[in-house]
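# Examining the three-dimensional arrangement
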Amino acid sequence: MRVLATAGHVDHGKSALVRALTGMEPDRYDEERRRGLTLDLGFVWTRLDPDGEPLAFVDVPGHERFVATMLAGVGPVPAVLFVVAADQGWQPQSEEHLAILDALGVRHAVLAVTRSDLADPEPVRADAVARLAGTSLGKVASVAVSSVTGAGLDELRGELARLAAELPAADADADVRLWLDRAFTVRGHGTVVTGTLGAGTLRVGDRLVTGDGAAVLRVRGLQSLHEERAAVGGVARVAVNVHGQGDGTLRRGHVLLTPDRWLSSEVIDVRVTGEPVADLPRSVTLHIGTAAVPVTVRPLGEDTARLALGRALPLRVGDRAVLREPGGSRMPCGVTVLDVRPPRLTRRGAGRARAAELADMTGRPDAGAELRRRRLMRRADLHAMGVPLCPTPAPQGPAGTAGREGPVGTARPESPAGPTRCEGSLDTARPEGPAGTVRPESPAGPARCEGSVDTAWPEGPAGTVRPESPAGTARRGGPVGTARSESPAGTAGPGDGAGRVSGGPVGPVGPVAGDWLVDGAYWTSLKDRLAAEVGRHARAHPLEPGLPTEAARRLLGLPDRALVDALAAAQPLLHTRQGRLYPADSPPPALPAPVRAAVDALRRDLTRSPFRAPEAGRLAELGLDRRALAAAAAAGTLLRIADGIVLLPGADADAAAVLRALPQPFTLSEARRALDTTRRVAVPLLEFLDARGYTERVDDQRRRCRAKAAENGGGRESNPFLDPNVTCDDAGNPDK
């Protein structure tokens with residue numbers, strides 16, 4: 001199917017023309033037919049060729065009071081049938097409709113000069129063709145027609161057929177973003193919504209989420225052109241019978257989405273065309289798809305601005321939209337979305353720095369540039385932002401239309417050969433969504449990149465992740481994660497809006513942990529910083545030279561501890577042991593002289609009574625706190641049994657030898673007496689021996705020595721110089 005919208009001034013015969021072409025009535029209301037004035041969107045279709053694809057029309061009103069309705073009609077549609085009456089010529093709404101199409105970057109159109117039976121159409125045709133040529137539409141085919149006499153209709157059908165054949169094929173695998181233009185209830189079926197499916201495929205049984213992520217709806221049924229369908233692929237007019245909590249609240253301007261594939265943005269950075277940003281009112285309306293949302297404009301540069309949206313919308317980099325004053329006192333402006341997750345502008349001068357950064361952004365998705373700006377982000381987030389991981393070539397548009405590609409609200413290359421294959425890139429070039437989304441399109445479908453590492457990449461979490469906390473903690477944002485302007489340290493580029501980004505010769509690298517992507521230069525700097533922090537910690541804390549990985553994560557401002565593990569694995573100057581990071585060339589931990597003297601005194605005490613661990617008072621008298629005991633255990637001068645319970649190294653094997661001499665099994669009381677110790681020490685000591693594989697429980701009261709110690713010490717501490725693979729029989733053997 002191919003879908004076109006009409007455009008043109010009121011009473012120029014748009015509805016009469018599509019009625020003559022299709023034999024169907026586009027005006028759905030009696031009031032429209034009585035007044036001869038289109039008040040709302042109309043939908044009709046035909047087959048120009050009996051064996052060809054259907055051609056559907058979205059008929060829009062031309063009155064100045066219904067420009068917002070017109071925008072809802074053309075928003076998701078890739079091409080237009082522009083109508084000018086021969087007896088009236090170019091009119092104000094002709095100009096405004098053309099400005100809207102230019103703002104949205106529409107590149108496909110046919111000009112119909114109607115009422116050619118009432119006046120000479122040639123002067124009007126020449127004037128209209130010249131006006132259209134100066135916009136994104138470029139040079140278009142034109143036909144003089146009369147809906148009354150039928151003159152020119154066959155020629156118009158031929159031009160429409162050629163236009164339909166030239167339209168690029170939509171990607172059937174793209175993420176669905178269905179902007180709704182109607183919502184109503186059908187008895188026995190429930191809620192039915194309609195819209196123009198720009199790309200992707202809808203199937204009966206699919207789950208869709210609403211734009212705010214508040215509801216998950218099931219597709220109960222599908223119709224296209226009044227025919228029941230099991231599946232419908234874009235581009236197509238669809239009616240979707242949905243069921244789920246909140247389906248009754250759907251209306252025009254809402255959107256249904258593929259779950260977990262979109263970010264809803266409340267703040268965006270854009271490039272404005274058509275009027276200097278400084279001249280824009282502070283409050284205007286943003287039109288994209290069928291949505292109309294009030295926004296607040298903050299100028300940044302000559303042609304860039306930050307928009308704060310009245311409600312969140314699922315947007316992607318490269319989306320085209322329209323800014324318009326509600327009263328329509330000035331011509332609408334076009335906007336291209338540059339960033340759907342912009343950094344906060346909190347420092348003095350951050351706005352100027354951000355403007356300089358935006359000046360280099362084209363609105364064409366570039367994974368490498370995004371990673372250089374943001375330094376670190378999840379692959380799922382990059383996809384949800386509309387940034388394909390394989391760059392696509394810039395298309396060549398008509399004169400004066402650089403950067404305006406694709407259908408309404410869409411930037412896309414249109415080479416018949418499809419997207420260019422890219423050597424050694426990060427991912428495949430794939431379309432990223434329906435109309436209003438950046439996507440390369442080709443009848444042959446997206447091409448895979450040579451040398452891509454994408455096949456080894458996980459798809460990421462099931463929910464869209466959004467970093468929110470200053471520490472960079474990531475959490476799931478539900479079906480549609482709200483993309484706020486806050487950017488955690490180390491994850492969202494400049495962070496302070498100052499425009500400082502990492503760069504250098506090192507480019508983006510593949511996933512380093514899970515689906516985390518990182519800029520190569522930033523990754524190198526992180527490895528150096530981690531080594532420096534580990535060394536600094538070792539020098540500052542000689543009793544605890546190992547830096548905990550969680551502490552390292554906070555020092556580096558990283559959102560995931562797995563990133564620290566990946567950094568440590570990639571840094572030859574470090575090694576990891578028991579969740580701590582140590583310099584690879586660091587000598588064995590040495591005890592400071594006061595601690596060594598205290599430990600020597602404690603060892604003399606334990607030599608006299610090897611299983612009578614010192615009391616807390618004795619430890620305090622010697623000045624051995626928790627950190628000093630941990631350092632002594634790490635140095636191998638003491639054996640830590642439990643918190644505050646230390647013995648001599650090898651005491652566990654000695655205890656096993658003593659217990660082996662007891663009748664088996666034995667009780668706690670029997671073990672305590674045999675070891676000449678207290679219950680305070682015996683209980684944790686027996687648990688330690690259980691964990692080390694020396695002993696095992698028989699029941700709640702008794703234990704016995706195991707025939708052979710387990711090879712795995714169960715993760716508990718012990719003397720690193722002892723062989724854990726000993727039996728109670730071997731415990732007294734000095735060779736063991």
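Whatever comes next refers back to the structure up there.
To start, this report covers the structure provided alongside it. In this convention, every chain numbers its residues from 1, walking through the sequence in written order. For this predicted model, a pLDDT threshold of at least 70 governs which residues receive local features, and a threshold of 80 or more governs which side-chain atom pairs are given and counted, while totals over whole chains, interfaces and linings are taken from all residues. For the side-chain quantities, the full set of heavy atoms in the structure was used; hydrogens and water were omitted.

### A short note on the sheet that holds strand β4 (residues 79-85)
Judged by pairing direction, the sheet is mixed, and its six strands sit side by side in the order β2-β3-β1-β4-β5-β6 without closing on themselves. Edge positions in the sheet fall to β2 (42-47) and β6 (141-144), since each of these pairs with one other strand and no more. Each adjacent strand pair in this sheet contributes to an overall mean axis angle of 25 degrees, direction not counted. Bridge count for strand β1 (residues 2-7) against β4 is four bridges, and the pairing is parallel. Pairing of Ala5 across the sheet is with Val80, part of β4. Strand contacts of helix α1 (residues 14-22): β1, β2, β3 (54-59), β4 and β5 (109-114), with the helix running at about 160 degrees to β3, the strand carrying the most contacts. Contact criterion: two residues are considered in contact whenever any of their non-hydrogen atoms come within 4.5 Å of each other. Under this scheme, a helix contributes an axis fitted over its contacting stretch, all axes are lines through C-alpha atoms, and angles between N-to-C directions fall in the 0 to 180 degree range. We count a stretch as a helix when DSSP gives it H or I for four or more residues in a row; a strand needs E for two or more, and each element gets its number in order from the N terminus. Running at roughly 165 degrees to β5, helix α6 (residues 153-166) makes contact with β1, β3, β4, β5 and β6 of the sheet. Note on pairing: DSSP must find at least two bridges between two strands before they are called paired.

### Examining the pattern of salt bridges
Throughout this description, the term salt bridge denotes a Lys or Arg side-chain nitrogen within 4 Å of a carboxyl oxygen of Asp or Glu. One pass over the full model with this rule turns up 45 salt bridges. We note a salt bridge from Asp30 to Arg33, for which the minimum N-O separation is 2.6 Å. Residue Asp30 and its partner Arg33 are both found in helix α2 (residues 30-35); the two are separated by three residues, about one turn of the helix. One salt bridge in this structure joins Asp303 and Arg271, with 3.0 Å as the shortest N-O distance. Residue Asp303 is found in the loop between β18 (291-299) and β19 (304-314), and its partner Arg271 is found in strand β16 (residues 262-273); the two are separated by 32 residues along the sequence. The cut-offs for exposure are 20% and 50% of the maximum accessible area for each residue type, with area from a 1.4 Å probe on protein chains only; residues under the lower value are buried, those over the upper are exposed, and the others partly exposed. Judged by relative accessible area, which is 15%, Arg271 ranks as buried. What emerges from the salt-bridge pattern is a single network uniting Asp269, Arg306, Asp339, Arg354, Glu357, Glu370, Arg373 and Arg374.

### Some words on the sheet that holds strand β28 (residues 547-548)
With antiparallel pairing, the three strands of this open sheet are ordered in space as β28-β30-β29. At either margin of the open sheet sits one strand with a lone partner, and together these are β28 and β29 (574-577). Where β29 meets strand β30 (residues 580-583), four bridges bridge the pair, whose relative direction is antiparallel. Paired with Arg577 across the strands is Arg580, a residue of β30.

### Some remarks on the packing of aromatic side chains
Pairing of aromatic side chains requires ring centres within 6.5 Å, counting the rings of Phe and Tyr and the six-membered ring of Trp. Pairs whose planes differ by under 30 degrees are stacked, by over 60 edge-to-face, and all others tilted. For the structure shown, the criterion picks out one aromatic pair. Relative to Trp90, the ring of Phe82 lies with its centre 5.7 Å away and its plane at 10 degrees, an arrangement referred to as stacked. Above the ring of Trp262, the side-chain terminus of Arg316 is found at 3.6 Å from the ring centroid. Placement of a charge over a ring requires the Lys NZ or Arg CZ to be within 6 Å of the ring centre, with the centre-to-atom vector within 35 degrees of the ring normal.

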